[in-house]
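Working through the structure, step by step
Chain residues, written in single-letter form:
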There are 2 protein chains.
Amino acid sequence: MIRPYRMITVLFLGSDKMKKKIAYLGPKGTFSYEVCNKIYKEEIEKIPYNTIKNTITSLNKKLSDEAVVPIENSLQGCVTETLDTLIENENIYIKEEKILKIKHNLMTNKNNNIEDIKEIYSHPQALAQCREYIDSNFKNIEIIEVSSTAKAAEKIKGKENAACIGNIECQREYDLKILKKNIQDNDFNETKFWVLTNKPQDNKNAKLITIVFSTDHKPGALYHILGIFNHYNLNLSKIESRPTKTRLGKYYFWIDIEIKNKDYTKALEELKKSVSFYRVLGKY
Amino acid sequence: MIRPYRMITVLFLGSDKMKKKIAYLGPKGTFSYEVCNKIYKEEIEKIPYNTIKNTITSLNKKLSDEAVVPIENSLQGCVTETLDTLIENENIYIKEEKILKIKHNLMTNKNNNIEDIKEIYSHPQALAQCREYIDSNFKNIEIIEVSSTAKAAEKIKGKENAACIGNIECQREYDLKILKKNIQDNDFNETKFWVLTNKPQDNKNAKLITIVFSTDHKPGALYHILGIFNHYNLNLSKIESRPTKTRLGKYYFWIDIEIKNKDYTKALEELKKSVSFYRVLGKY
């Protein structure tokens, strides 16, 4: 009599274990959500978090297996909350990067038309990125800032005079009608995302290494360090500074090194000896 | 009969001309407002603007003589809107820098007490900087984010259960009572401000030069440029990258050079030849 139940239990456990848990900056319909849909071919469990910090630290708490967060936008620059949270939390690694072209759309509920629109809801950055379109197409429009483009889609639900600005996923997720596609003022608008994990990665075909370090505050310290990479003919595709939060003028430096040859290991060995703090975030 | 009127007109024009117009990131009571009160000993006309961009561009439109804006905070890093607006607007110069220690206070209306408080209003950054204090002193408190600490002071006016978090100027300007002083979680909290002008400056006692440049995207370009300063034994007290808004991976670099010797002019001559874009923002 007991056997069938046991078998069912085992089957359920099995299917639960197989589904990867992916934390993302929510709610449903954000650009991070769009990235999840693009990179995972297998069936996954997507878990939305309300802040970047909570998305990333879900890895430490073993609430998720991987986390998808934005790291840099071509117009706004680095996403400082991502960098700062990674500094504060050890044992988190970059598994891969994904670049998403940012396209904004003006959307509304199915029965509304463009001439009905009296209010536009969106995230402040999305609104800033569509400022010219809004100014030249609407007079006396009320702009309402909300915490995400997906939240904007949620907010306009059922409203007759409201539109939102967001990505195409919002249209699908919130069953909206597109009034106008690609309304962003600048077409060079892309965002880089990182897929993070709590397991060290060793990707043999990696093209980039991301490291963070801080130096003693003495003349030429950064120059000396860049010299190490120059000596081994390694290009840095990115350098970014973030405050150490101790005093003005003391920074962490984030760099991306392009892996062209095996010498990067020698460069990293030399780097370690020259800095006061150092961590490899990923090879991907 | 006409003379007295003429004389009065001349007097008025004279007194109008004498008062410098100072644009600042408003409203009244912000940290920028506090900086104005600290640096100007003479009588000035303070003009509040609602965004950093509008504060700075008031100089181009000759609506103000000088503008006071935040440039960097020891916890949050650089104020990207300030850097980006300066890139987009030529003929604006740094006259001086001023560092302000950021101290937050919990304030309310005169008849309220701490046990009445059910809502706390402030700017998201101020709230983040007092998170530990709030969490350990209040249960079930409602947090309301507004666009500035001064706006928070404005909002709680007349409310019986509300407090705001902000600087001491707010207490004076909005006639509030301080419930608790210095509630910031981290005491290394300071913000650097720049006083900007539309007139080129030539300060003989200058200690710093701020420049911005962009390089061709080739290996070692930044290293080569840092080498120029190293050669002349000039220390860079700051390096910051900002996106050029054309594509991911192309940056403007902002650097502060400490003026220790006259060789900085030679270094700048060499720099000019090695970069694709270059501007001196100030010698102060």
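Residues numbered from 1 in each chain as written. Chains lettered and ligands numbered in written order. Predicted model: local features only at pLDDT ≥ 70, side-chain atom pairs only at ≥ 80, totals over all residues.

Looking now at the domain arrangement of chain A. Residue and element names in this part refer to chain A. Here the domain parsing of chain A yields domain 1 (19-101 + 190-197), domain 2 (105-180) and domain 3 (208-283). Each partner contributes to the interface: domain 1 provides 9 residues, whereas domain 3 provides 8 residues. Residue contributions to the side of domain 1 that touches domain 3 peak at 5 residues, all from helix H4 (residues 80-88). Per-class residue counts for the side of domain 1 that touches domain 3 are 6 nonpolar, 1 polar and 2 charged. (Domains from an automatic or database assignment. Contact = placed C-beta atoms within 7 Å. Helix = DSSP H or I, 4+ residues; strand = E, 2+ residues; numbered from the N terminus. Nonpolar A, V, L, I, M, F, W, Y, C, P; charged D, E, K, R; others polar.)

Here we take up the sheet that holds strand S6 (residues 105-108) of chain A. Residues and elements named next belong to chain A. As summarised here, the arrangement of the 5 strands in space is S8-S7-S9-S6-S10, forming an open sheet in which the pairing is mixed. Strands with a single pairing partner mark the edges of an open sheet, and in this sheet they are strand S8 (142-145) and strand S10 (177-180). Going from strand to strand, the sheet's axes swing by 35° on average, the running direction of each strand aside. Relative to S10, S6 is paired through 3 bridges, and the arrangement is antiparallel. Following the sheet pairing, Thr 108 is matched in S10 by Lys 177. Packing of helix H7 (residues 149-156) onto the sheet brings it into contact with S6, strand S7 (119-122) and strand S9 (162-166), and relative to S9 it is tilted by some 160°. (Pairing = 2+ DSSP bridges. Axes fitted to C-alpha atoms, helices over the stretch in contact; angles between N-to-C directions.)

The next subject is the sheet that holds strand S9 (residues 162-166) of chain B. Residue and element names in this part refer to chain B. Taken in spatial order, the 5 strands line up as S8-S7-S9-S6-S10 in an open sheet, and their pairing is mixed. Of all the strands in the sheet, the pair left with one neighbour each is strand S8 (142-145) and strand S10 (177-180). For this sheet the average axis-to-axis angle between neighbouring strands, irrespective of direction, equals 35°. Sitting on the sheet, helix H7 (residues 149-156) is in contact with strand S6 (105-108), strand S7 (119-122) and S9, with an inclination near 160° to S9.

It is worth spelling out helix H9 (residues 221-231) of chain B at this point. Residues spaced three or four apart along an α-helix face the same direction, because each turn holds 3.6 residues. Those residues of H9 of chain B that fall on the buried side of the exposure criterion are Leu 222, Tyr 223, Ile 225, Leu 226, Phe 229 and Asn 230 of chain B. The arc enclosing the buried residues of H9 of chain B, seen along the axis, measures out at 165°, which places them on a common side. Contact partners of the buried residues in H9 of chain B: helix H9 (221-231) and strand S13 (236-243) of chain A together with strand S13 (236-243), strand S14 (251-258) and helix H10 (264-274) of chain B. One or two steps after H9 of chain B, the chain reaches Asn 233 of chain B, where phi turns positive at roughly 60°. (Buried ≥ 20, exposed ≤ 12 C-beta atoms within 10 Å, placed from the backbone. Arc of directions from axis to C-beta.)

Our next topic: the interface of chain B and chain A. Taken together, the contact pairs 31 residues of chain B with 30 residues of chain A. Listed by contribution, the elements that provide at least two residues to the side of chain B that touches chain A are strand S11 (190-197), H9 and S13 of chain B. For the side of chain B that touches chain A, the element with the highest residue contribution is S13 of chain B, accounting for 7 residues. For the side of chain B that touches chain A, the per-class residue count stands at 10 nonpolar, 13 polar and 8 charged.

So, on to the environment of Glu 81 of chain A. Residue and element names in this part refer to chain A. With respect to the helices, strands and loops of the structure, Glu 81 is situated in helix H4. On the basis of neighbour counts, which here come to 18 C-beta atoms within 10 Å, the residue Glu 81 falls in the partly exposed class. Leaving out residues up to four positions away in the same chain, Glu 81 has contacts with Ile 52 and Lys 53.

What follows deals with the pairing of S9 of chain A. All names here are of chain A. Burial analysis of S9 places 5 of its 5 residues in the buried class, which makes it a mostly covered element. Of the two faces of S9, the one lined by Ala 162, Cys 164 and Gly 166 and the one lined by Ala 163 and Ile 165 are each fully buried. Pairing of S6 with S9 involves 4 bridges; the strand directions are antiparallel. Of the residues in S9, the one forming a bridge with Met 107 is Cys 164. Both S7 and S9 contribute to a ladder of 3 bridges, which runs parallel. The residue of S9 that forms the bridge with Ile 120 is Ala 163.

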